[in-house]
Amino acid sequence: YGDNGRFINPTDYDDSLNFLYAALSTNNYLRWNNPQSGSSFTPVRVPQITAQVSAVTVSPNVIRRVYFGSSNGRIVRVDSADIDTVRNGTHLNNGVAGFTNYVNCIEVEKGNENHIIAIQSNYGVSNIWETKNGGTSWTACDGNLPDMPVRWILLNPSKPWQAIIATELGVWSTDSLRGATTDWQPSNAGLANTRCTMLKL
């Protein structure tokens, strides 16, 4: 849409309403209606998104709800994201110390809207942040991980306390998310110990 967005633009698809959501410019996301054949693009301004969107996740539980991460570490929830050209969002991680870096991924547990994992990617920071109360409080879950960027996370659909992550040094996993005591182990059997950007189930 114009010259905006990112070179590799983060997107997510709402299959219930047939909208594609994407990054645009600072304070804005892009809504694409009927992306299979349509050309109806709508820029939507959200004042709470104070940098360019870097992660997009459509809620698997609440219709018309979309989560946006940004390059300055914000997680913003937008309800009724499919209407209007200006929406007010809810800044979910406001005031969380150390949560100010590029957000690469947001994972919401299917069946539990209060359980959200957000990934920020950098060295020298806590990369994995978990909330169990919809964003009221957040806990860093890097545990024993080496100091390296994490770029993606998937929760086990049947055991949401278990997770697998994509990192600068391949794929790692844990049997229990437990904040600072989370035990991560490499899960690279058959894979190279190299950068992994995304995981899909």
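About the criteria used
- Residues numbered from 1 in each chain as written.
- Predicted model: local features only at pLDDT ≥ 70, side-chain atom pairs only at ≥ 80, totals over all residues.
- Heavy atoms only, no water.
- Pairing = 2+ DSSP bridges.
- Helix = DSSP H or I, 4+ residues; strand = E, 2+ residues; numbered from the N terminus.
- Polar contact = N/O pair within 3.5 Å; in protein donor to acceptor, adjacent residues only side chain to side chain.
- Phe/Tyr/Trp six-rings, centres within 6.5 Å; stacked < 30°, edge-to-face > 60°.
- Buried < 20%, exposed > 50% of the residue type's maximum accessible area, 1.4 Å probe, protein only.
- Contact = heavy atoms within 4.5 Å.

Focus on the sheet that holds strand 15 (residues 170-174)
Sheet strands associate in pairs through backbone hydrogen bonding, adopting either a parallel or an antiparallel arrangement.
So, step 1. In space, the four strands of this open sheet follow the order 13-14-15-16, with antiparallel pairing throughout. In this open sheet, the two edge strands, each paired with only one partner strand, are strand 13 (150-155) and strand 16 (185-186).
So, step 2. Pairing analysis gives five bridges linking strand 14 (residues 163-167) to strand 15, with the strands arranged antiparallel. Bridge pairing in strand 15 places Thr-167 opposite Gly-170.

Remarks on the side chain of Ser-121
So, step 1. Looking at where Ser-121 falls in the secondary structure, it is placed in the loop between strand 10 (116-120) and strand 11 (128-131).
So, step 2. At a separation of 2.4 Å, a polar atom in the side chain of Ser-121 contacts the main-chain carbonyl oxygen of Val-150.

Overview of the packing of aromatic side chains
Two aromatic rings, taken as a pair, are described by how far apart their centres are and by the angle between their planes.
So, step 1. Per the stated rule, a full pass over the model turns up six aromatic pairs.
So, step 2. Plain terms: the ring middles of Phe-19 and Tyr-21 are 6.2 Å apart, the flat faces sit at 40 degrees to each other, and that makes the pair tilted. Across the pair, Tyr-21 and Phe-19 agree in class, each one buried.
So, step 3. Site record: aromatic cluster; members linked through ring pairs are Phe-19, Tyr-21, Tyr-29 and Phe-68.

Examining unusual backbone geometry
So, step 1. One non-glycine residue, Asn-34, lies in the positive phi region at around 55 degrees.
So, step 2. In the Ramachandran plot, Arg-64 falls in the positive-phi region, its phi being about 75 degrees despite a non-glycine side chain.
So, step 3. With respect to the element layout, Arg-64 can be found in the loop between strand 5 (53-58) and strand 6 (66-70).
So, step 4. A residue is classified by how much of its surface remains accessible, and Arg-64, at 29% relative accessible area, is partly exposed.

With respect to the side chain of Asn-28
So, step 1. As for its placement among the helices and strands, Asn-28 is situated in strand 3 (residues 28-33).
So, step 2. Engagement of the side chain of Asn-28 in a polar contact is seen with the backbone oxygen of Thr-26, the distance being 2.9 Å.
So, step 3. Not counting residues within four places of it along the chain, the set of residues in contact with Asn-28 comprises Val-44, Arg-45 and Val-53.

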